[in-house]
Amino acid sequence: MVHKAKSDQEAAKAFIKIVGEKIRLLRTEKGISQEKLGEAANLNSNYIGQIERGEKSLSVFTLKKIAEGLSLSLEELFRQIDPAERTDALGEIVDLLSARPIEEHGKALAVLKAVLEWNEKRS
């Protein structure tokens, strides 16, 4: 029983580190400082730094505040942190977009919409 608990603790620490790293990546991609994210999320910037380094665990409510500070929904943040594995075409599209900077997502959406509209007009 102790062995499993230790394994769970190690898995939790690893996941907390992944969450923090993803938050840092999203924040830097958006060009936001820890201070600005802290202000937007109503959290101390030192706490943001601790989260990003994987030093602090955080509640779901705090995660929601950070998501909002990054102008993301919780769904979008969770998708960035732990994307569902899909093997269909939609999964491929999601994988392609996930590998690109967030700033490019809107452009990709516009292209996809244009292609779909063009295809509907041809039909």
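Here, the structure is the one placed above.
The present account deals with the structure reproduced in this document. (Residues numbered from 1 in each chain as written. Predicted model: local features only at pLDDT ≥ 70, side-chain atom pairs only at ≥ 80, totals over all residues. Heavy atoms only, no water.)

1. Some remarks on the nonpolar core
Phase 1 of the analysis: Judged by nonpolar contacts, the single largest core of 17 residues is most densely connected at Ile23, Leu26, Leu37, Ile66, Leu70 and Leu77.
Phase 2 of the analysis: Broken down by secondary-structure element, the contributors of at least two residues to this core are helix H1 (2-29), helix H2 (34-41), helix H3 (45-52), helix H4 (60-69) and helix H5 (74-81). (Core = buried A, V, L, I, M, F, W, Y, C linked by side-chain atoms within 4.5 Å. Buried < 20%, exposed > 50% of the residue type's maximum accessible area, 1.4 Å probe, protein only. Helix = DSSP H or I, 4+ residues; strand = E, 2+ residues; numbered from the N terminus.)

2. Describing H4
Phase 1 of the analysis: Here H4 has its buried residues at Thr62, Leu63, Lys65, Ile66, Ala67 and Gly69.
Phase 2 of the analysis: Residue Ser71 follows H4 closely and has a positive phi angle near 60°.

3. Quick notes on the environment of Ile48
Phase 1 of the analysis: Secondary-structure assignment places Ile48 in helix H3.
Phase 2 of the analysis: By relative accessible area, Ile48 is classed as buried at 1%.
Phase 3 of the analysis: For Ile48, the contacting residues outside a window of four places in its chain are Gln34, Leu37, Gly38, Leu43 and Ile66. (Contact = heavy atoms within 4.5 Å.)

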